[in-house]
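What the coordinates show
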Amino acid sequence: MNLHVCALALLLFGSIATVRGRAVDLVDDSNDVDNSIEAEEEKPRNRAFEADWLKFTKTPPTKLQQADGATIEIVCEMMGSQVPSIQWVVGHLPRSELDDLDSNQVAEEAPSAIVRVRSSHIIDHVLSEARTYTCVGRTGSKTIYASTVVHPPRSSRLTPEKTYPGAQKPRIIYTEKTHLDLMGSNIQLPCRVHARPRAEVTWLNNENKEIVQGHRHRVLPNGDLLISDIKWEDMGNYKCIARNVVGKDTADTFVYPVLNEED
């Protein structure tokens, strides 16, 4: 199947899918108002697509109100060519600085990939003042971003900020919803976790069996799953499971190998 056709189908599916965020106290959770911004784009070189592309499939809300003792999770999803990266910026930065911001994610060499990525930012402490959190996405020469202003509980505005004590159940904060690439490619499926104490990460394969380290499948120390030389039979859903003494969280990634038209 042509990569461009796959991209269109996946983007359409992502745009009509209903995605529910995790429970937080919202002031305004409407995506009717698009708070995303696209930066100027340079012409790419040596790309599988005529131009780099990157679109939000879920923008973070424009405003949130923190409740007393509540942990907030701000969710951001996007889909694009190659392997998009997402990072979060805390505090207000001018557009020019956001455009030039160095990414803290290591870019993968995957010119033929189409990926839908999900990232969330956890606020597990009491805020003392309103603060801006910006989701910044990049792929190739393309940059987009959207911001959320989080307002503190009214009772804590004059008190010092402090982290909530005690253990916290795992929350998977960086993962891919869909990863499409040519057969024969090496792909890395992220599974980054926020937990206290540290969570143990395991993966289930497309047959719902726990993945055992092998020559084509490896779970990396950071929790990511590396699949080498992907084949048609690798197509399907892969599940990351993060556990600690408090609880667990899971995230699914659908892998879609595509036949190389040049083969």
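Residues numbered from 1 in each chain as written. Predicted model: local features only at pLDDT ≥ 70, side-chain atom pairs only at ≥ 80, totals over all residues. Heavy atoms only, no water.

Put simply, the rule is: UniProt positions are given in the numbering used here, feature names are shortened, and annotations may be inferred rather than shown by experiment.
According to UniProt, the comment filed for the chain under the heading Subcellular location (unreviewed entry) is "Secreted".

1. Quick notes on the state of the cysteines
How we decide: To count as a disulfide, a pair of cysteine sulfur atoms needs to be within 2.5 Å. Only DSSP runs of H or I covering at least 4 residues are called helices, and only runs of E covering at least 2 are called strands; the numbering of each starts at the N terminus. For each residue, the accessible area found with a 1.4 Å probe, counting protein chains only, is set against the maximum for its type, and the residue is called buried under 20%, exposed over 50%, and partly exposed in between.
Within the structure shown, the criterion is met by 2 disulfides. A sulfur-sulfur distance of 1.8 Å marks the disulfide that ties C191 to C240. Across the disulfide from C191 to C240, rotation about the S-S bond amounts to roughly -65°, and the bridge is consequently left-handed. Of this pair, C191 sits in strand β12 (residues 191–196) while C240 sits in strand β16 (residues 236–243), and the two are 49 residues apart along the sequence. Comparing C191 with C240 shows no difference in burial state: the two are buried. Numbered in order of appearance, the disulfide-bonded cysteines of the chain are paired 1-2, 3-4.

2. Section: the pairing of strand β3 (residues 54–58)
On a regular strand, each side chain points to the face opposite its neighbour's, so the side chains alternate between the two faces of the sheet. Just so we agree on the cut-off: One bridge is not enough; two strands pair if DSSP finds at least two bridges between them.
Within β3, 4 of the 5 residues are buried, which leaves it mostly tucked inside the rest of the structure. Where β3 lies against strand β5 (residues 72–81), 4 bridges are found, and the strand directions are antiparallel. Its bridge partner lying in β5, L54 is registered against G80.

3. Considering the nonpolar core
As a reminder of what qualifies: As used here, the term nonpolar core means buried Ala, Val, Leu, Ile, Met, Phe, Trp, Tyr and Cys residues forming a set that is joined through side-chain atoms within 4.5 Å. Residue contacts are defined here by distance: any two heavy atoms, one from each residue, within 4.5 Å place the two residues in contact.
One finds I74, M78 and V150 to be the most contacted residues of the largest nonpolar core, which totals 18 residues. For this core, the elements supplying multiple residues, two or more each, are β3, β5, β6 (85–90), β7 (114–123), β8 (131–139) and β9 (142–151). Residue contributions to this core peak at 4 residues, all from β5. In contact with I74, other than residues within four places in its own chain, are P60, P61, L64, W88, S119, S120, H121, I123, Y133, T148 and V150. The next biggest cluster of nonpolar side chains, apart from the first, holds 15 residues, and it includes I187, A199, W203 and Y238.

4. Focus on the sheet that holds strand β11 (residues 187–189)
The pairing of strands in a sheet happens through backbone hydrogen bonds and is either parallel or antiparallel. What counts here: All axes here are fitted lines through C-alpha atoms, helices being fitted over the stretch that makes contact, and every angle between N-to-C directions spans 0 to 180 degrees.
Spatially, the 3 strands line up as an open sheet ordered β11-β15-β14, and their pairing is antiparallel. Each having just a single partner strand, β11 and β14 (217–219) make up the two edges of the open sheet. Here the strands of the sheet are splayed against their neighbours by 20° on average, with no regard to which way each runs. Here β14 pairs with strand β15 (residues 225–227) via 3 bridges, running antiparallel.

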